[in-house]
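# Per-entry structural report
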Amino acid sequence: VANNRWTWYERGYVARLPESGLPAAGSMVTNASSADQVYQLAGSYSENNVALVDLDSPVVNLTPVSPVAVRALSFLTATAVGPATNQCVVQHADGTSETNRLVSPDWADVASAPAFYAGGRVDINNGVIECVGGSGPFLFAAELAVSNAVSPVTNIVLRVSGGTTAMHTAVLAVSGATSSQPPIAAQLSIRLDAGGGLVIESSAPGRLERTAVLKGAGTVWEDAGAIVDSVTVTVAAGEGARFYRVKSGE
């Protein structure tokens, strides 16, 4: 609301590092982690050019100019003070809708595979440049399978669901796949609740599995029950690391 704090900047803003920053408005961006996903950035950076989802703007609508039927959606996104899990309602021309979870990683998350590396950010308050040549800020691809692949998508509703009170999720572009795609794995986000438990949120329903040790293909996973959108698990004092995954569609 105050239009302050850190944000991305356009290439050319830092003259000594012309390759840092976001590409020019209207540019096509290819996902660095999946070359079959291509996004088009907003046509102007001086007008509304991003969907911002936070407590000040808890519900956002993304309306395609030319609705088409798709089998999957990919959101070019990142979150400040993240990660964040937002509800995503995909609405179709035939009047149906489907509700999913959209997990947006923190824009400085070096553990997740980025779709785009901006190579710098700027403090709007004073013009200070940060992270040039360092870690972040990144943009990520958050993917969702679309069940109704016949009826065109006419609107996408993003609604605050889970994350910190200071989180700000930005969606810079949306890409849709019309051809047959392999199943999209569910994305998980984990946060602490007020009672100290772990709230695990999934972008798709399935079976939650856990393990204490990762051994690649030899990892032994233990079934932790069904998950629709979220579950809360307790953690014993002194308990070691625990890893989770979800097998969607089961």
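The preceding data block contains the structure.
What comes next concerns the included structure.

Conventions adopted
- Per chain, residue numbering runs from 1 following the sequence as it is written.
- Totals for whole chains, interfaces and linings use every residue, but because this is a predicted model, local features are given only for residues with pLDDT of at least 70 and side-chain atom pairs only at 80 or more, for both listing and counting.
- Hydrogen atoms and water are omitted, and side-chain values are computed over all heavy atoms in the structure.
- Put simply, DSSP H or I for four residues or longer makes a helix, DSSP E for two residues or longer makes a strand, and each gets a number counted from the N terminus.
- Here, a salt bridge means any side-chain nitrogen of Lys or Arg that lies within 4 Å of a carboxyl oxygen of Asp or Glu.
- Only protein chains enter the calculation, and the probe is 1.4 Å; a residue is then buried if its accessible area is under 20% of its type maximum, exposed if over 50%, and partly exposed in between.
- Among the buried residues, those of types Ala, Val, Leu, Ile, Met, Phe, Trp, Tyr and Cys that are joined through side-chain atoms within 4.5 Å form a nonpolar core.
- For two strands to be treated as a pair, DSSP must find at least two bridges joining them.
- Fitting a line to C-alpha atoms yields each axis, with helices limited to the stretch in contact; the angle taken between N-to-C directions then spans 0 to 180 degrees.
- Any pair of N or O atoms that falls within 3.5 Å is considered a polar contact. Within protein, one atom must be able to donate a hydrogen and the other to accept it, and sequence-neighbouring residues count only if both atoms are side-chain atoms.
- Only rings of Phe, Tyr and Trp enter the pairing, Trp through its six-membered ring, and a pair is recorded when the two centres are within 6.5 Å. The plane angle decides the type: under 30 degrees is stacked, over 60 is edge-to-face, the rest tilted.

Attention now moves to unusual backbone geometry. Cis geometry is found at the peptide bond from glycine 82 to proline 83, where omega equals 5°. Relative to the helices and strands, proline 83 resides in the loop between strand S6 (72-80) and strand S7 (84-92). Phi angles above zero are rare outside glycine, and valine 81 is one such case at about 55°. Checked against the element boundaries, valine 81 lands in the loop between S6 and S7. Even without being a glycine, cysteine 131 presents a positive backbone phi close to 70°. Tracing the sequence through the fold places cysteine 131 in the loop between strand S11 (129-130) and strand S12 (138-145).

Summed over the entire model, instances satisfying the criterion amount to seven salt bridges. Here aspartate 229 ties to arginine 101 by a salt bridge, and the two come within 3.3 Å at their closest N and O atoms. Here the residue aspartate 229 occupies a position in the loop between strand S18 (222-227) and strand S19 (230-233), and arginine 101 occupies one in strand S8 (residues 97-104), the gap between them amounting to 128 residues. Take arginine 101: its relative accessible area is 14%, and that puts it in the buried class. Glutamate 222 serves as the salt-bridge partner of arginine 210, at 3.2 Å between the closest nitrogen and oxygen.

Turning to the nonpolar core, a few remarks are in order. If you look at the biggest cluster of nonpolar residues, it comprises 18 residues, and the most contacted ones within it are Trp8, Leu22, Leu76, Ala78, Phe116, Leu139 and Leu172. When residues of this core are traced back to their parent elements, those giving at least two are S6, S12 and strand S14 (168-177). In terms of residues, this core owes the most to one element, S12, which gives four residues. Among the nonpolar cores identified, the runner-up in size contains 17 residues, and Cys88, Val90, Val146 and Val171 belong to it.

Within a sheet, each strand pairs with its neighbour through backbone hydrogen bonds, oriented either parallel or antiparallel. Taken in spatial order, the four strands of this open sheet run S5-S13-S7-S8, and their pairing is antiparallel. Strands with a single pairing partner mark the edges of an open sheet, and in this sheet they are strand S5 (59-62) and S8. Between one strand axis and the next, the sheet turns through 25° on average, direction left out of account. Relative to strand S13 (residues 153-162), S7 runs antiparallel, the two sharing eight bridges. Bridging from a neighbouring strand, valine 89 pairs with valine 157 of S13.

Here we take up the side chain of threonine 211. Inspection of the secondary structure puts threonine 211 in strand S17 (residues 206-211). Owing to a relative accessible area of 9%, threonine 211 belongs among the buried residues under this scheme. Among the polar contacts listed, one links the side chain of threonine 211 to the backbone oxygen of valine 220, at a separation of 2.9 Å.

It is worth spelling out the sheet that holds strand S15 (residues 188-192) at this point. Overall, antiparallel pairing links the three strands, which are arranged S15-S16-S19 in an open sheet. Looking at strand neighbours, the two that pair on one side only are S15 and S19, the edges of this open sheet. The average angle at which neighbouring strand axes cross in this sheet is 20°, direction not considered.

Aromatic ring pairs are reported here in terms of the distance separating the ring centres and the angle at which the planes meet. A full pass over the atoms with the stated rule returns four aromatic pairs. A ring pair is formed by tyrosine 117 and phenylalanine 138, whose centres lie 5.3 Å apart and whose planes are at 35°; its orientation type is tilted. Placement of the pair is tyrosine 117 in strand S9 (residues 116-117) and phenylalanine 138 in strand S12, with a sequence separation of 21 residues. A relative accessible area of 35% places tyrosine 117 in the partly exposed class. Through a chain of ring-to-ring contacts, three or more aromatic side chains come together here, namely Tyr117, Phe138 and Phe140.

Summarising burial for S12: six of the eight residues are buried, a large majority. Two strands pair when backbone bridges link them, and S6 and S12 are joined in this way by six bridges, in the antiparallel orientation. Of the residues in S12, the one forming a bridge with threonine 77 is phenylalanine 140.

What follows is about the pairing of S5. Residues Val60 and Leu62 of S5 are buried on one face, while the alternating residues Val59 and Asn61, pointing to the opposite face, are not. As paired strands, S5 and S13 are joined by four bridges and run antiparallel to one another. The residue of S13 that forms the bridge with valine 59 is arginine 159.

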